[in-house]
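Observations on chain architecture
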Amino acid sequence: MPRPKVAYSRFHTRDIATSLKRERPDLDQADYLYLLYIQRLGRIIDAVDDKHCRTVFGISSAEMRVLFALRRSGPSYALRPTELFRALLVTSGAITKQVDRLVAAEYVDRQPGPKNSGGFLIHLTERGFAVADKALDALAGSSVVSHSALNPEERRTALELLEKILLDLESRMEPDIF
């Protein structure tokens, strides 16, 4: 039996606000809607980014974030697995799987860590470096970032506000949450 179709609304965000206001008129929407909007925005951007990464580079957006983390680490473009999973807010198991796929694609390699330190480092290969830079260029020019929806001053304001929210959340986050 086929699944019933779910009605699609081009104004889903407004539908969320309207229905919540109807169901909880006692709450000030300014106290919660921005969080719901940020969550939805994140999911949409992640889905679009994942599709782009898979289509253009043959890897997931999660794997691309590993390349970005290594790329921004500076020369020698290497991090310990622990540094990666903490920086990316994922589990150690997720990093292991992502690194395995990136090693197979020759975007990264595993090398022994410094003497007496034990463990190993994940290094960005030349191929991984080139892909990370190409992906960053594409991201900077992406329409997903809403260049058309916001003028430059609005983008700067949005960036400042998002950074403020993130810094507050990060300062209150439990150190072992991930």
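For the structure itself, look to the data block above.
Attention in this report is confined to the structure presented alongside it.

Formed by 23 residues in total, the largest nonpolar core has its most connected members in M64, L67, L70, L84 and V108. Those elements that provide at least two residues to this core are α2 (33–57), α3 (61–72), α4 (81–88), α5 (92–104), β3 (120–124) and α6 (126–140). For this core, the element with the most residues is α3, which contributes 6 residues. The residues contacting V108, other than those within four sequence positions of it, are L67, L70, V99, L102, V103, I122, H123, L124 and T125.

Assignment of secondary structure puts T125 in the loop between β3 and α6. T125 has contacts with E106, Y107, V108 and D109, leaving out every residue within four places of it along the chain.

On the surface, Y34, L35, I38 and L162 cluster together to form a nonpolar patch covering roughly 320 Å² of accessible area. Here the nonpolar patch takes 3 residues from α2, the largest share from any one element. As for its position among the elements, L35 is in helix α2.

What follows deals with the side chain of Q98. Mapped onto the fold, Q98 is located in helix α5. The class of Q98 is buried, set by a relative accessible area of 7%. In this structure, Q98 is in contact with A62, E63 and V66, ignoring residues within four places of it in sequence.

By secondary structure assignment, the location of C53 is in helix α2. With relative accessibility at 2%, the residue C53 sits in the buried group. For C53 and M64, which are 11 residues apart along the polypeptide, the C-alpha to C-alpha distance reads 7.2 Å. If sequence neighbours within four positions are ignored, C53 has contacts with G58, I59, S60, S61 and M64.

Attention shifts here to the layout of surface pockets. Computed from the structure, the largest pocket encloses a volume of approximately 2500 Å³. Looking at the largest pocket, it is lined by 49 residues, and the ones nearest its centre are I38, G42, I45, L162 and L166. Ranked by residue count, the leading element in the lining of the largest pocket is α2, at 17 residues. Broken down by class, the residue content of the lining of the largest pocket amounts to 32 nonpolar, 7 polar and 10 charged.

So, how was this worked out
- Residues numbered from 1 in each chain as written.
- Predicted model: local features only at pLDDT ≥ 70, side-chain atom pairs only at ≥ 80, totals over all residues.
- Heavy atoms only, no water.
- Core = buried A, V, L, I, M, F, W, Y, C linked by side-chain atoms within 4.5 Å.
- Buried < 20%, exposed > 50% of the residue type's maximum accessible area, 1.4 Å probe, protein only.
- Helix = DSSP H or I, 4+ residues; strand = E, 2+ residues; numbered from the N terminus.
- Contact = heavy atoms within 4.5 Å.
- Patch = residues over 30% accessible without salt bridge, like charges linked within 9 Å, V, L, I, M, F, W, Y side chains within 5 Å.
- Areas by Shrake-Rupley, 256 points an atom, 1.4 Å probe, with all protein chains shown as cover.
- Salt bridge = Lys/Arg side-chain N within 4 Å of Asp/Glu carboxyl O.
- 1 Å grid on protein atoms, 1.4 Å probe; cavity = no way out; pocket = protein on both sides within 12 Å on 5 of 7 lines; lining within 4 Å.
- Points joined across faces, edges and corners; volume = space filled by probe spheres on them.
- Nonpolar A, V, L, I, M, F, W, Y, C, P; charged D, E, K, R; others polar.

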